[in-house]
Amino acid sequence: MGRELREVYYVDGCRTAFGRAGAAGLFWKTRADDMAVKVLRALLRRNPQVPVERIGDVVMAATAQVGDQGLTLGRDVALLAGLPQTVPGFAIDRMCAGALTAATVAAGEIAMGAADVVVAGGVEHMGHHPMGDEVDFNPRFVADQIVDPSAAVMGQTAENLHDRFPHLTKEDADRFAVRSQQRAGAAWENGVMQETVVPMAVFGDGGWRVAERDEFLRPETSMDGLAGLPTPFRAGGRVTAGNSAGLTDGAAACILASGEAAEELGLTPRMRLVAFAYAGVEPELMGLGPAPATRRVLEQLGLTLDDVDLFELNEPFAVQVLTWCDQLGVDPEDERLNPYGGAIACGHPLAATGVRLIAQLAHAFRERPAARYGLTALCVGMGMGAAVLWERAGD
């Protein structure tokens, strides 16, 4: 017996400030699950029309599912946030695409009628859980030549992209990084970020303080300042701390709902989830992933990039974005691309980043009334890419 799928809408999303991982960072003495609780509670305060008992699931992503972001994270966060015990939850992992995958999994629940309202998000405390820590890589990956050893070090995969596309120079990467910092700085000055970043009280060596601004933000960044930075992943390389996203702590979450539930509860849908796609590429060239994922999602609808008005692309490395632009014929200076800057300026807390992209896209739709379609996309460790196409709601 056939059944009709329901439309899925993005209602609201928020995140913590993104902090520098490590003992000097904002969140060093803050638990990862408490960061996720913060954004969930903030969402509920911002959307009092949502009865907590109507939340059908809490889907939380984390790449390192150990320690204070281990167990069944979605369920833990739901209980810690004070949701009724009747609200289920679970954890998910697709590394950098964790939160984006949480959103598409939640969308499936809503589309199938298993839930009316779902919270989706992610958290990564890279200070407590460095990338690759407590991971036992199967020796057959290398011994059987399944994966090139450089695939395990993200910075080396970025250097590999420069090798594969030698016309994408270090100067190109630095230029993109400067633009990212400048756009992010302007977004903070114009109040864009304050709309999605929720302040959080944190404890540190100096006592209590408020984490309310991204620690990697450097709007004064210049080409001269980036030119002499060391290249830690290769002698004479092209990838530096200045044209990469730093190791980051942060959390983000959003509310997705069916059209029927949104109307019943008096919610204002901001975007409709139109289609999504995931793709695999060579693990040592993981930055290529968003290109085939983007092509797949457009092919589902018979659209081209010219039909898309806004792009929110993650920036783990400037060369990764430049590669996507090169493969798809987009000018890196295109005003549609990352209008509020990206991870080079704000940081990339792995599994949390997807919701940051979604929330920024929703804001961009508000500022551009003529825009119809927007794309959120990112590359994923071990050679994958993710892309989700959204449409302005309410038109």
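Scroll up a little and you will see the structure.
Residues numbered from 1 in each chain as written. Predicted model: local features only at pLDDT ≥ 70, side-chain atom pairs only at ≥ 80, totals over all residues. Heavy atoms only, no water.

## Things to note about the pattern of salt bridges
Item 1. The tally for this structure, following the rule as stated, stands at 24 salt bridges.
Item 2. In this structure, the salt-bridge partner of R31 is D33, at a minimum N-O distance of 2.9 Å.
Item 3. By relative accessible area, R31 is classed as partly exposed at 43%.
Item 4. Residue D33 is classed as buried on the basis of its relative accessible area of 8%. (Salt bridge = Lys/Arg side-chain N within 4 Å of Asp/Glu carboxyl O. Buried < 20%, exposed > 50% of the residue type's maximum accessible area, 1.4 Å probe, protein only.)

## Some details on the nonpolar core
It is characteristic of soluble globular proteins that their nonpolar side chains tend to be buried jointly.
Item 1. Core analysis: the biggest nonpolar cluster contains 50 residues, and V8, Y10, L256, M271, I358, L378 and W390 have the highest contact counts within it.
Item 2. In this structure V8 touches A107, I110, A111, L256, A257, M271, R272 and L273, once residues within four positions along its chain are discounted.
Item 3. One finds L161, V274, A291 and V330 within the second-largest nonpolar core, a separate group that totals 45 residues. (Core = buried A, V, L, I, M, F, W, Y, C linked by side-chain atoms within 4.5 Å. Contact = heavy atoms within 4.5 Å.)

## With respect to the packing of helix α5 (residues 154-164) against helix α11 (residues 318-328)
Item 1. Where α5 contacts α11, the two axes come as close as 9 Å, and the packing angle between them is 40°. Looking at the two axes, α5 sits oblique to α11. Viewed along their axes, α5 and α11 form a crossing whose handedness is left-handed. In contact with A158, L161 and H162 of α5, α11 contributes V319, Q320 and T323.
Item 2. Of the residues contributing to the contact of α5 with α11, the split by class is 3 nonpolar, 3 polar and no charged. (Axes fitted to C-alpha atoms, helices over the stretch in contact; angles between N-to-C directions. Helix = DSSP H or I, 4+ residues; strand = E, 2+ residues; numbered from the N terminus. Parallel < 35°, antiparallel > 145°, perpendicular 65-115°, else oblique. Left-handed = near helix turned anticlockwise from the far one by under 90°. Nonpolar A, V, L, I, M, F, W, Y, C, P; charged D, E, K, R; others polar.)

## Notes on the pairing of strand β5 (residues 117-125)
Item 1. By the criterion of burial, β5 is predominantly enclosed, with 9 of the 9 residues buried.
Item 2. The alternating pattern of β5 places V117, V119, G121, V123 and H125 and V118, A120, G122 and E124 on opposite faces, both of which are buried.
Item 3. Both strand β3 (residues 55-61) and β5 contribute to a ladder of 6 bridges, which runs parallel. Residue pairing across strands places A61 opposite G122, the latter belonging to β5.
Item 4. Judged from the 9 bridges that link them, β5 and strand β8 (residues 248-258) form a sheet pairing that is antiparallel. Residue pairing across strands places V117 opposite A257, the latter belonging to β8. (Pairing = 2+ DSSP bridges.)

## What to know about unusual backbone geometry
Item 1. Backbone geometry at Q145 places phi at a positive 55°, although glycine is not the residue there.
Item 2. Assignment of secondary structure puts Q145 in the loop between α4 (140-143) and α5.
Item 3. Within the chain, N338 stands out as a residue other than glycine whose phi angle is a positive 45°.
Item 4. Along the chain, the position of N338 falls in the loop between α11 and α12 (343-346).

## Some words on the pairing of strand β1 (residues 8-15)
Item 1. Of all 8 residues that make up β1, 8 are buried, and the element is covered over most of its length.
Item 2. Here β1 pairs with β8 via 7 bridges, running antiparallel. Bridged to G13 within β8 is C254.
Item 3. Sheet topology note: the β1/strand β9 (residues 271-280) ladder contains 2 bridges and is antiparallel. Note on β9: the bridge partner recorded for Y9 is R272.

## Notes on the packing of aromatic side chains
Item 1. Under the defined criterion, the tally for this structure stands at 4 aromatic pairs.
Item 2. Pairing F203 with W208 gives two aromatic rings, centres 5.4 Å apart and planes at 65°, and the pair type is edge-to-face.
Item 3. Where F311 meets W324, the ring centres are 5.3 Å apart and the plane angle is 70°; that geometry is what we call edge-to-face. Pair noted here: F311 is in strand β10 (residues 310-313) and W324 is in helix α11, with a separation of 13 residues, a long-range link. (Phe/Tyr/Trp six-rings, centres within 6.5 Å; stacked < 30°, edge-to-face > 60°.)

## Points about helix α6 (residues 170-189)
Item 1. Between its terminal C-alpha atoms α6 stretches 29 Å, which fits the 28 Å expected from 20 residues at 1.5 Å a residue.
Item 2. Burial runs high along α6: 14 of the 20 residues are buried.
Item 3. The first or second residue beyond α6 is G191, which carries a positive phi of 85°. (Expected span 1.5 Å × (residues − 1).)

## Focus: the side chain of D33
Item 1. Mapped onto the secondary structure, D33 falls in helix α1 (residues 32-46).
Item 2. Residues within four places of D33 in sequence aside, it is in contact with D68, L73, V77 and L80.

## Brief notes about the environment of D224
Item 1. Counting through the fold element by element, D224 comes out in helix α8 (residues 223-227).
Item 2. Using a relative accessible area of 72% as the deciding quantity, one classes D224 as exposed.

## Overview of the environment of R183
Item 1. Take R183: it is sitting in helix α6.
Item 2. Distance from R183 to G342, taken between C-alpha atoms, is 8.3 Å for residues 159 residues apart in sequence.
Item 3. When near neighbours in sequence (up to four residues on either side) are disregarded, R183 contacts E333, D334, E335, L337, N338, P339, Y340 and G341.

## Quick look at helix α13 (residues 353-367)
Item 1. With 15 residues, α13 extends 21 Å between its outermost C-alpha atoms, agreeing within 8% with the 21 Å of an ideal straight helix rising 1.5 Å per residue.
Item 2. The element α13 is extensively covered by neighbouring structure, given that 13 of its 15 residues are classed as buried.

## Looking at the side chain of H129
Item 1. Of note, H129 is situated in the loop between β5 and α4.
Item 2. Reaching out from H129, the side chain makes a polar contact with the side chain of D68 at a distance of 2.5 Å.
Item 3. Sequence-distant contacts of H129, that is, excluding residues within four places in its chain, are made with A64, V66, G67, D68 and Q69. (Polar contact = N/O pair within 3.5 Å; in protein donor to acceptor, adjacent residues only side chain to side chain.)

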